[in-house]
Structure formats: C-alpha cells, structure tokens
Amino acid sequence: MARRRPSDYRPPVRVGEFVQAPEAEEDERIDVGVCFVGGGPAGLAGALRLAQLLEADPATAEKLGDTPIAVLDKGRVVGAHLLSGAVVNPSALRDLLPGEEIGSLPGCYGEVRKESVYIMRKGWEVRIPTPPPFHNKGNFVFSLSQLGRHLAERAEEMGVMVLPETDAQKLLVRGQSVVGVRTGDKGLDRDGQPLGSFEPGVEVHAQTTVLSEGTQGHLAGALFERFLVHGDMPQVWSLGVKEVWRVDHPLDRVVHTLGWPFRLGSKWKELGGSFIYPMGEDMLTIGLVCGLDTLDASLSVHDSLQLFKTHPLIRRMLEGGERIGWGAKTIPEGGFLSIPHRLSVPGAIVTGDSAGFVNVPKLKGIHYAMRSGMLAAETIYEALKGGAELNTAALTGYDERVRRSHIWSDLRKVRNMRQALGKGMFVGAPIGGIMDITRGALPGGSWKFHRDAEEPVERGDREYPAPDGTLTFDKLSSVFLSGNRSRDDQPNHIRVAESVPREVAEAWVAMCPAAVYEIDGDDGGPAVRLKLSPSNCVQCGAITARGGRLTPPEGGSGPEYTLT
C-alpha cells in the first residue's frame, strides 16, 4: 500500500512574501512605541505589564511617543480567536493582577478541586490513579476568550491602543532590524481586486515589535526564516477540537482520558487523549487532542470526538444536554527542543505559543504565554530606562530572562516526554513515568523527532457515526456554531498544492475540522484534484503542520469564540 509524505507536496513559499522593507512616508504610517502582534494571553499580559511599569515612570514612557503601546488582533473583537482547554495555572495572573481574587475574574468557572483519569476502551473504561502531570488541584477553569476580553479592557483603561480586526501580513525589516509590521488590505474580492468597501493596509512602525500570535505564528515563522533562527528540533503540533455543552447534570471534577477512540500501540502514532472540564453548574467543555504526525489518512479529530461522545461514560455526562459552542486549534508540542536558539532579534521579541512554550504532558501553556509576555515587557522597560536603542542587541535580555525563568526549567524537564509517549501507551507510559520521577534526568539526552508533514500517510478505513444532530454533529454545522464571520468572496488565504496523491488529499480532507478541503476530481491518474472552501476555515493552523501554509485572512474574519 502506497505511503506518501505530505511534505513532498508543500507549495513554494518565499520569505520575501511576508517580509519587506518599510516604504511608507512618515505621514502615511502609524507610529507606536511597542507593537504587540496578537491579542492572546502573551500579548495582552505583556501590554498590560508594560503599561503598569510606564505608569509609574512617565519619563521613560515619553521615550515611546504619543502612542506608547498598541495591540493588533485579527479577530473581530479581542478574544474572538482564543480557544483553549483551559485549566489555567494562576501564577502569572496573580503577578499581573496583584490583590485580585482569581476566582472572581470574568470567565473563571472556579478552582479545580477534584479530578479523574480513565483509560478508555470501546464500551468500557478503567479509572486509574491520577498521573502527576494531570494533577490540577489549585488551578482554575477559564473561558480564555472571556479572560482575553477582560485583559484587553484593563489594558485600554491604562492607555493601551487595542486594534481588533487588524491582521499583520508582513514583517517590516530595515537592514538587520525589525521596525514594525504591515497590516492587510480589507475589502478585496476572491481575485484580489478592490470592492467598494476596500481599505488598504498600513505600515505600523514600532521601536519594538512583540510577536504574540499564538500557535502557528505567521510572522514569527517569517522572522525565524529571515534571521535564520531555529531550535535543535523542528516544531510539531497536535490538533484539538472542543465543544461546549449546556448539561442537566453538573460535572464536579476535571476529567482526562487516554486510549479509545485512538489506538494505543505505536504503529499508527495516534498520540492523544481527551479533556472534560466543568463550567459552572450547567455547562461543561469537552475536547479531543491528537498529534498531527499520525499515519492513518482517514483519522479525523473532529469525527473522533463525535465517536468519543458515544461511549457510555461520556454519553451519560451529555445526556439531555445541548451543544452550544465548538472550536478547533493546533497546539505546539515540540517543547524544549523546538524552542528557537534566539527569541529576540534587534527590534523584535517572540513570545508564548509562537515560541513553543507549551508543557505537553501537563497540557499547559497559558501561564507560560502570559509570563513570557510579561518578561518581554520588563526587558523593554529596562532597556528604555537605561537609554538603549531597541533596534540593537538590547533585547537579548529577554532571552536571558526566559532562561532564568520557570518556563525554561519546566520545559527542559519534560523535553523527551512527547517522544516517549509516541512509542505507544504500553512502552511510552512507563518511560514517561521514569522521566517524570527523575525530572528528565533518566532517560537522559535529547531524543530526536521530525516534522509532522514528513511522516508518510496511508489510506485508512476508519468509520465514524452518522451525525444525529443531538449527540453527534457534522463539520459544517460545527463551523456555523463557531461564529465564523469569513466572507465567501474574500481572497483565499490557504496555500496548498491542489493536485496531490489520493492518500495525501484524503489526509487533508479528514484532518480539517472545518470541511475546507474536498476531493474534486480523479481522472484515474496518480493524483487527484482538491477543491477548497477557504471561507469555512476557523484558522486552526493544521494545514501548516501537514504540508500547506495558512496565512492571515482579512482582519475580522474567522471564528468568534465567546464561551471557550
């Protein structure tokens, strides 16, 4: 049976497409002091922390001009594209918002007090002692989109300029320094021609640009290519699909599962599991996550979640309930070994998921993202206060701060955990246990891995339940529930080879949770043709991991998450 690698069919993408020299005259551009690209946990925490520091030091604030801090976010409103588990370690929040009660923040559904972990098999389950990485007592369940909106409001109260519906398309580089970004045009038709609503993009010039774009950071990737920055290993990803349910019976604990509907052995490389979190008395969130280096072209995380809900244990939790939210997002899983050797260049800093700050075994990254944004803010403030030029090597202090922080020490301890678990449950779990007990000392070294798209795929035969509209649902109804606001006639923002071997096409069709890809033609030859529906896209980023390239669509398009 043929097995092809999606990486063999990657469309050509030139760095120059996403990096350009500044061109605008002074009266045609926007000048800001520090520009945070992305209104997620890293960008908002960084902007708010910098505002706090400047509030107490007006003399240093003056060095950043009339608009000291700006946050650009591509969602219709800040928080619209935020999707996460989200059980949050509160350490960064406590430092950012001293004196505030974490449990009283908007979007908080309370502290985790109980937890259960199950090994799932078809039709039955076994509860196991909670492994140390899954210990969550003392953490808090949050709606990340609601928390993001609250942090944006707090930042605006302190003078931060927050610009939603603003996508950063290109990185502005002069010589060896980043000087800002260029935003995307709005109001173009499918062929890129201006409509009556056309608004041209603008250059936003900044003394420092902080890239806090989240998973699959578009400009972070361009920066790494332009400045030849890389980690010891390439970045790899998993895909998470999540639903919010209004239920009749409250859930009193955090639940994680391993095993079914994924296969436990190493043959198919199906590394994943589920999370189920309580959201007050009448709601819960349920999600399924799987690595994107799987071999089976028929594996669909969205449809696997629908199958998962038919398990008796899960069906009982949802019985009589109503699905009220849905979303999908990739998660960077390369960990410590994928962190770039440099996180700053003259004029720019990379934070959060864009830098790969996720602890895979703990399923935690939000507090690392917030902490990295705060460290970026403190670096910028101290450099300014000391009289340094930010387009020089002054920002290397950020790299030093990260390496001294718990981000670095935490991720180093689990640097080989994903690779161990990739050997299958029966072999990987005991190795992972030893790694956890010895804090990464045994087995030692750095275990190698390769890009998701370099993993060959073969045609599979998975079967999923037909959607019944009550417990199980199709992809298109799910996209509708995400609040997707993309125009049907806007330009295509997805770069992908449109004539590929059938097994590669089937892998993309199954992988995409939003039904963007469809096999449109098969003449019996070695390749089939793909048809794209880019307006369905919820910008999860899976195609970038699996052989294509997601670029930012028009600002304000995409999902509008409110409950997640």
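Computed from a predicted model, the values in this text were never measured in an experiment.

Student: Go over the sheet that holds strand E23 (residues 499–500) with me, naming the residues and quoting the values.
Tutor: Overall, antiparallel pairing links the 3 strands, which are arranged E23-E25-E24 in an open sheet. Where the open sheet ends on each side, the last strands, each with one partner, are E23 and strand E24 (517–522). Sheet analysis places E23 next to strand E25 (residues 528–532), joined by 2 bridges and oriented antiparallel. By the bridge assignment for E25, Val 500 is matched with Val 528. Lying over the sheet, helix H15 (residues 502–511) contacts E23, E24 and E25, oriented at roughly 155° with respect to E24.

Student: How would you explain the pairing of strand E3 (residues 69–72) if you had to name every residue and give the values?
Tutor: In E3, alternate side chains face the same way, and those of Ile 69 and Val 71 on one face and Ala 70 and Leu 72 on the other are all buried. Sheet analysis places E3 next to strand E9 (residues 161–163), joined by 3 bridges and oriented parallel. The residue bridging Ala 70 from the neighbouring strand is Met 161, located in E9.

Student: Quick one: what's the story with the sheet that holds strand E4 (residues 87–88), residue by residue and with numbers?
Tutor: The strand order across the open sheet formed by 3 strands is E4-E8-E5, and the pairing between neighbours is antiparallel. Among the strands making up the open sheet, the edge pair consists of E4 and strand E5 (108–111).

Student: Account for empty space enclosed by the protein, with residues named and values stated.
Tutor: Applying the stated criterion across every chain yields a total of 5 cavities of 30 Å³ or more. In this structure, the second largest cavity spans a volume of roughly 100 Å³. As for the second largest cavity, its lining consists of 13 residues, and the residues nearest its centre are Cys 512, Tyr 517, Cys 537, Cys 540 and Ile 543. Within the lining of the second largest cavity, the residues separate by chemical class into 12 nonpolar, 1 polar and no charged.

Student: Can you lay out the layout of surface pockets for me, pointing to particular residues and giving the numbers?
Tutor: Gaps between atoms show up when a probe of the same size as a water molecule is rolled over them. Considered as a void within the structure, the second largest pocket measures approximately 840 Å³ in volume. Looking at the second largest pocket, it is lined by 32 residues, and the ones nearest its centre are Gly 221, Phe 224, Gln 235, Trp 237 and Arg 451. The greatest single-element share of the lining of the second largest pocket, amounting to 5 residues, is contributed by helix H5 (residues 218–226). A per-class count over the lining of the second largest pocket returns 14 nonpolar, 12 polar and 6 charged.

Student: If you had to explain a negative patch on the surface to someone new, which residues and values would you point to?
Tutor: Together, Glu 25, Glu 26, Asp 27 and Glu 28 make up a negatively charged patch on the protein surface. Of note, Asp 27 is situated in the loop between strand E1 (19–20) and strand E2 (30–37). Here Asp 27 falls in the exposed class, since its relative accessible area comes to 71%.

Student: Could you give me a rundown of the nonpolar core, with the residues and numbers involved?
Tutor: When a protein is soluble and globular, its nonpolar side chains tend to lie buried together. In this structure, Phe 142, Leu 171, Leu 223 and Phe 357 are the most contacted members of the largest nonpolar core, which totals 88 residues. When residues in this core are grouped by element, the largest group, 11 residues, is from helix H9 (residues 366–385). The residues contacting Phe 357, other than those within four sequence positions of it, are Ile 339, Leu 343, Gly 352, Gly 365, Tyr 368, Ser 372, Tyr 398, Val 402, Ile 407 and Leu 411. Of all hydrophobic cores here, the second largest spans 58 residues; its members include Leu 284, Val 479, Val 500 and Val 504.

Student: Tell me about the packing of H9 against helix H10 (residues 396–404), and please be specific about residues and values.
Tutor: Interhelical geometry of H9 versus H10 gives an angle of 140° and a closest axis separation of 9 Å. Between H9 and H10, the crossing angle belongs to the class labelled oblique. Judged by the twist between their axes, the crossing of H9 over H10 is right-handed. On H10, the residues touching Ser 372, Leu 375, Ala 376, Glu 378, Thr 379 and Glu 382 of H9 are Gly 397, Tyr 398, Arg 401 and Val 402. Looking at the contact of H9 with H10, its residues break down into 4 nonpolar, 3 polar and 3 charged.

Student: Kindly report on the pattern of salt bridges, identifying the contributing residues and their values.
Tutor: Per the stated rule, a full pass over the model turns up 32 salt bridges. When the shortest N-O distance is used, the salt bridge between Lys 385 and Asp 57 registers 3.0 Å. Here Lys 385 is found in helix H9, whereas its partner Asp 57 is found in the loop between helix H1 (41–55) and helix H2 (58–62), with 328 residues between them in sequence. Look at Asp 57 and you get buried, because its relative accessible area is 10%. Its salt-bridge partner being Asp 95, residue Arg 371 comes within 2.8 Å of it at the nearest N-O pair. Highlighted residues: Arg 371 in helix H9 and Asp 95 in helix H3 (residues 91–96), separated in sequence by 276 residues. Of the residues examined, Arg 371 reaches a relative accessible area of 14% and is grouped as buried. The network of salt bridges with common partners includes Lys 269, Asp 293, Glu 333, Arg 418 and Glu 455.

Student: Could you give me a rundown of H1, with the residues and numbers involved?
Tutor: Since the α-helix turns once every 3.6 residues, residues separated by three or four places project in the same direction. When the terminal C-alpha atoms of H1 are compared, their 21 Å separation across 15 residues agrees well with the 21 Å that a helix rising 1.5 Å per residue should span. In terms of burial, H1 is largely enclosed, as 13 of its 15 residues are buried.

Student: If you had to explain the packing of aromatic side chains to someone new, which residues and values would you point to?
Tutor: In total, this model carries 3 aromatic pairs according to the counting rule given. Judged by centre distance (4.8 Å) and plane angle (70°), the ring pair of Phe 336 and Trp 408 falls under edge-to-face. Remark: Trp 408 occurs in helix H11 (residues 406–413) and Phe 336 occurs in the loop between strand E19 (322–332) and strand E20 (344–345); sequence separation between them is 72 residues. Given the relative accessible area of 15%, Phe 336 is considered buried. Above the ring of Phe 227, the side-chain terminus of Arg 226 is found at 5.1 Å from the ring centroid. The residue whose ring lies beneath Arg 323 is Phe 473, and the NZ or CZ to ring-centre distance is 3.9 Å.

Student: Break down the packing of H1 against helix H4 (residues 144–157) for me, with residues and values.
Tutor: For the pair H1 and H4, interaxial distance at closest approach is 9 Å and the crossing angle is 25°. For the element pair H1 / H4, the angle class is roughly parallel. Relative to H4, H1 is oriented so that their crossing is left-handed. On H4, the residues touching Pro 41, Leu 44 and Leu 48 of H1 are Leu 144, Gly 148, Leu 151, Ala 152, Arg 154 and Ala 155.

Student: Which residues make up the side chain of Asp 189, and what values do they have?
Tutor: Among the secondary structure elements, Asp 189 is positioned in the loop between strand E12 (186–188) and strand E13 (194–199). One buried charged residue, Asp 189, forms no salt bridge at all, with the nearest opposite charge on Arg 487 at 7.8 Å. A distance of 2.9 Å separates a polar side-chain atom of Asp 189 from the backbone nitrogen of Asp 191. In this view, Asp 189 contacts Leu 195, Asp 489, Gln 490 and Pro 491; residues no more than four positions away in its chain are not counted.

Rules behind the numbers
- Residues numbered from 1 in each chain as written.
- Predicted model: local features only at pLDDT ≥ 70, side-chain atom pairs only at ≥ 80, totals over all residues.
- Heavy atoms only, no water.
- Pairing = 2+ DSSP bridges.
- Helix = DSSP H or I, 4+ residues; strand = E, 2+ residues; numbered from the N terminus.
- Contact = heavy atoms within 4.5 Å.
- Axes fitted to C-alpha atoms, helices over the stretch in contact; angles between N-to-C directions.
- Buried < 20%, exposed > 50% of the residue type's maximum accessible area, 1.4 Å probe, protein only.
- 1 Å grid on protein atoms, 1.4 Å probe; cavity = no way out; pocket = protein on both sides within 12 Å on 5 of 7 lines; lining within 4 Å.
- Points joined across faces, edges and corners; volume = space filled by probe spheres on them.
- Nonpolar A, V, L, I, M, F, W, Y, C, P; charged D, E, K, R; others polar.
- Patch = residues over 30% accessible without salt bridge, like charges linked within 9 Å, V, L, I, M, F, W, Y side chains within 5 Å.
- Areas by Shrake-Rupley, 256 points an atom, 1.4 Å probe, with all protein chains shown as cover.
- Salt bridge = Lys/Arg side-chain N within 4 Å of Asp/Glu carboxyl O.
- Lys, Arg positive; Asp, Glu negative; His and termini not counted.
- Charge placed at Lys NZ, Arg CZ, Asp CG, Glu CD.
- Core = buried A, V, L, I, M, F, W, Y, C linked by side-chain atoms within 4.5 Å.
- Parallel < 35°, antiparallel > 145°, perpendicular 65-115°, else oblique.
- Left-handed = near helix turned anticlockwise from the far one by under 90°.
- Expected span 1.5 Å × (residues − 1).
- Phe/Tyr/Trp six-rings, centres within 6.5 Å; stacked < 30°, edge-to-face > 60°.
- Lys NZ or Arg CZ within 6 Å of the ring centre and 35° of its normal.
- Polar contact = N/O pair within 3.5 Å; in protein donor to acceptor, adjacent residues only side chain to side chain.

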